[in-house]
Amino acid sequence: MTGQLSRVDVTVLPAGWTTKGSYPSEAGGSWSPTLSPDGRHVAYVSDRSGSPKVWVQPVGSELTFLVDTGEEPVASVHWSTGGGWLACVIAPGGAPRTEVWLVRPDGSALHQVAGFGADGAENPRWLPGRPLLAVTENLTTTTLVDAEHGTRETVAEGELISLFDVSPDRRRALLRRGPRGDRFVALRDLESEVEEYVTSGEQACFAPDGSVYARGDAGERPVLLRAYGGAAEILAASDTGEVEAFALTSDGTRVAVLWNVDGGRSELTVLAGGTTTPVTLPGTVVSGPVWSHDGSTLAFTAEGPGQPHGVWTWDGERTHPVSAEEPAPGAVQPALRRFASHDGLEISGWLFAPAAGGPHPVVLWLHGGPEAQERPGHSPLFQSLVDRGIAVFAANVRGSSGFGRSFVNADNGPLRWAAVADVAACVEHLVSSGIADPARVGCMGRSYGGHLTLAALTTYPELFAVGIDVCGMSNFATFYEHTEPWIAAAAVSKYGDPIADADLLRELSPITRIDRLRAPLMVVHGENDSNVPVIEAEQVVAALAARGVRHKYLLFPGEGHELLHRSSRAEYLRETVGWLTEHLGTAARTP
């Protein structure tokens, strides 16, 4: 059985002032907050109009202004430290390739500054106190855009490079170099072009005194450090948690530190003058902390089970909602489960279970990345399934972030077979614990999680009654051939080299074992996906059709690697819940 569904168009509100409204269950909510220099206004991205758009809202007001950035969805927004511009990351066709556009906060003077043609632009950052925007294109070219004069200046070029910051005197730059799992921060002298290694890590910026603040992960767990004159000082570290991100005020007097603790929960602290102040969080998972230029206000995104992404501010004493929803009453709170895998390595996951005792039909969910992490955040899918009596186990198999450097690298190259075996270990744990009915276990995942789903379904076909592959890689040869060149280059350290490791990659490709797949499979993909191109779905669908295996194909026009339009997510939610309830033997209901 095959089928193809397309996205239903939505009506976008005209630009202008309106009230916030509320969000349906499939909404992403609001995210990517950025503050005006004085902290009195917040710009953020919200899909309340049907697709992600930029909104500006006064802090403490219910009114919000829709900034007209065109028809394409917006991924993130960034307010200049001078206040005159918003830098918007636009995703044409919903695809992973992005562009950077500038627009005034009142919606005027919209124009593109990066990501022209086939180039992709990412990681924009306004330099403190200057109308200069740091942008990286294709992970090969780092650029400074002068917003006032409309000029572009190349800072550095190279493979797998990204620009963090440029010093006020324009003599030094902070760069990120290296592939996934092996990235490091380099300090580049722009006159001599000599570079100095700072730390292994993913985030860095200059302080006003010329020192470097960085999230360093050279050790087992990421820390916050300050480097100056060849020496490094650790400012924040923990034996049980990781520094996930930080935000330094423009004057360098305060730094907000975002922590990943207890299997994926968030904590947020502010360091100032030797004092640590904890911030009371309105959700279990927080992301994107950012200060106003004057340092008066901190903004961030918070979410939780039954609580969509929302934007909040902190004024030094209390948190305040800007665009946020209260948690849905009765939302299921997950429990963290830790257990030994097939080789004794501890793995874990978040169990969303019905109130009634088990065993239950269970869906095993596998996240993307692979170096991402399943956390106790908002998932309409998980809540909808539990409401129908289906438990969900959101697993963090080896290769996931949040559990130390050794764990995140434990699936590189030929070690990936151990991650596939982790999936079987999850099923064994759920069955032996009386949680799962062994005859009613499903497996699904997105991106790398989709690949891992296909790998598990073809390696352990006897374990699963149903599967869903969401934009997963089925054939590493075609993935490397058709994905964006910079994505392919960055993936080598995780999966292997497409030439030197061709035999290994062929063995790891689920398409080579598709004859072993028995479970009914739904395949979901965005037509414009250039990260994991749609050929990865098409060859699976063709192989299943040729073999008479029951399947369904959901292809979303106008979407890329993620479903950015709310109507697409609603359709995905409805079809996914229906497919799983049909094949796990529970009564399907409309979400």
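Everything that follows concerns the structure shown earlier in this document.
All of the points below concern the structure found in this document.

## Concerning the overall build of the protein chain
Move 1: For the protein chain, the count of helices and strands is nine helices and 36 strands.
Move 2: Computed over the C-alpha atoms, the radius of gyration of the protein chain is 23 Å, within 12% of the 25 Å expected from 2.2 N^0.38 for a compact globule of 591 residues.
Move 3: Here the protein chain holds 591 residues, and the buried ones make up 59% of them.
Move 4: Partitioning the contacts of the protein chain with sequence separation of at least 6, the portion at a separation of at least 24 is 55%.
Move 5: Entry remark: accessible area of the protein chain is about 22,000 Å², with carbon and sulfur atoms responsible for 51%.
Move 6: Once the 45 positive and 70 negative side-chain charges of the protein chain are each reduced to a mean point, those two points are 3 Å apart.

## Quick word on empty space enclosed by the protein
Take a probe with the size of a water molecule and roll it over the atoms, and the empty space left behind shows itself.
Move 1: Across all of its chains, the model carries one cavity of 30 Å³ or more by this definition.
Move 2: A volume near 30 Å³ is recorded for the largest cavity.
Move 3: Lining the largest cavity are Leu-366, His-367, Ala-395, Val-397, Tyr-448 and Leu-452.

## A few points about the pattern of salt bridges
Move 1: Per the counting criterion, the structure on display carries 29 salt bridges.
Move 2: With a shortest N-O distance of 2.8 Å, Glu-195 and Arg-177 are connected by a salt bridge. Of this pair, Glu-195 sits in strand S17 (residues 195-206) while Arg-177 sits in strand S15 (residues 172-177); the two residues are 18 residues apart in sequence, bridging distant segments of the chain.
Move 3: Classification of Glu-195 by relative accessible area gives partly exposed; the value is 29%.
Move 4: In this structure, the salt-bridge partner of Glu-242 is Arg-221, at a minimum N-O distance of 3.9 Å. Taken together, the residues span a long stretch of sequence, with Glu-242 in strand S21 (residues 242-248) and Arg-221 in the loop between strand S18 (212-216) and strand S19 (223-228) at a distance of 21 residues.
Move 5: Among the residues examined, Glu-242 registers a relative accessible area of 7% and is labelled buried.
Move 6: A residue is classified by how much of its surface remains accessible, and Arg-221, at 23% relative accessible area, is partly exposed.
Move 7: Residues joined in a network through salt bridges with shared partners are Arg-177, Arg-188, Glu-193 and Glu-195.

## Structural notes on the pairing of S18
Move 1: The buried fraction of S18 is high, at five of five residues.
Move 2: On S18, burial covers both faces: Val-212, Ala-214 and Gly-216 on one face and Tyr-213 and Arg-215 on the other are all buried.
Move 3: The pairing of S17 with S18 spans five bridges and is classified as antiparallel. Directly across from Phe-206, in S18, lies its bridge partner Val-212.
Move 4: Joining the antiparallel neighbours S17 and S18 is a turn of five residues, in which Gly-210 adopts a positive phi near 90 degrees.

## Digging into the state of the cysteines
Move 1: Counted by the stated rule, this structure contains zero disulfides.
Move 2: Free of any disulfide, Cys-443 has its nearest neighbouring cysteine sulfur in Cys-426, separated by 9.0 Å.

## Some words on helix H3 (residues 416-432)
Note on helix geometry: an α-helix contains 3.6 residues per turn, so any two residues three or four positions apart are oriented the same way.
Move 1: When the terminal C-alpha atoms of H3 are compared, their 25 Å separation across 17 residues agrees well with the 24 Å that a helix rising 1.5 Å per residue should span.
Move 2: The buried count for H3 comes to 13 of 17 residues, which makes it a mostly enclosed element.
Move 3: Gly-434 sits one or two residues past H3 and shows a positive phi near 75 degrees.

## Description of the packing of aromatic side chains
Move 1: Applying the stated criterion across every chain, the model contains eleven aromatic pairs.
Move 2: With centroids separated by 6.2 Å and ring planes inclined at 20 degrees, the aromatic side chains of Tyr-448 and Tyr-495 adopt a geometry described as stacked. Within this pair, whereas Tyr-448 is found in helix H4 (residues 448-459), its partner Tyr-495 is found in helix H6 (residues 485-495), the two being separated by 47 residues in sequence.
Move 3: Tyr-448 gets classed as buried once you look at its relative accessible area, which sits at 1%.

What counts, and where the lines are drawn
- All chains use their own residue numbering, which begins from 1 and follows the written sequence.
- Two thresholds apply to this predicted model, a pLDDT of at least 70 for residue-level local features and 80 or more for giving and counting side-chain atom pairs, whereas whole-chain, interface and lining totals are computed over all residues.
- Excluding hydrogens and water, the side-chain figures rest on all heavy atoms present in the structure.
- In this text, helices come from DSSP runs of H or I with a minimum length of four residues, and strands from runs of E with a minimum of two, each type numbered from the N-terminal end.
- In this setup the radius of gyration rests on C-alpha atoms only. A globule is expected at 2.2 Å times the number of residues raised to 0.38.
- Note on exposure labels: buried denotes an accessible area under 20% of the residue type's maximum, exposed denotes more than 50%, and partly exposed covers the range between, all computed with a 1.4 Å probe on protein chains only.
- Between two residues, a contact is recorded if the distance between any of their heavy atoms is within 4.5 Å.
- For accessible areas, the Shrake-Rupley method is used with a probe of radius 1.4 Å. Any residue's cover is judged against the shown protein chains and nothing else.
- Charge convention: Lys and Arg are scored as positive, Asp and Glu as negative, and His as well as the terminal groups of each chain are ignored.
- The atom standing in for a charge is NZ when the residue is Lys, CZ when it is Arg, CG when it is Asp and CD when it is Glu.
- Detection works on a 1 Å grid of protein atoms alone, calling trapped sets that fit a 1.4 Å probe cavities and calling open sets with protein on both sides within 12 Å along at least five of seven lines pockets, with lining residues defined by an atom within 4 Å of a point.
- Grid points are joined across faces, edges and corners, and a volume is the space filled by probe spheres set on the points.
- Criterion for a salt bridge: a side-chain nitrogen of Lys or Arg within 4 Å of a carboxyl oxygen of Asp or Glu.
- We call two strands paired when DSSP finds no fewer than two bridges between them.
- When two cysteine sulfur atoms are found within 2.5 Å, that pair is recorded as a disulfide.
- Residue count minus one, scaled by 1.5 Å, sets the expected span of a helix.
- Centres within 6.5 Å are what make two rings of Phe, Tyr or Trp a pair, Trp counting through its six-membered ring; a difference in plane orientation under 30 degrees is then read as stacked, over 60 as edge-to-face, and the rest as tilted.

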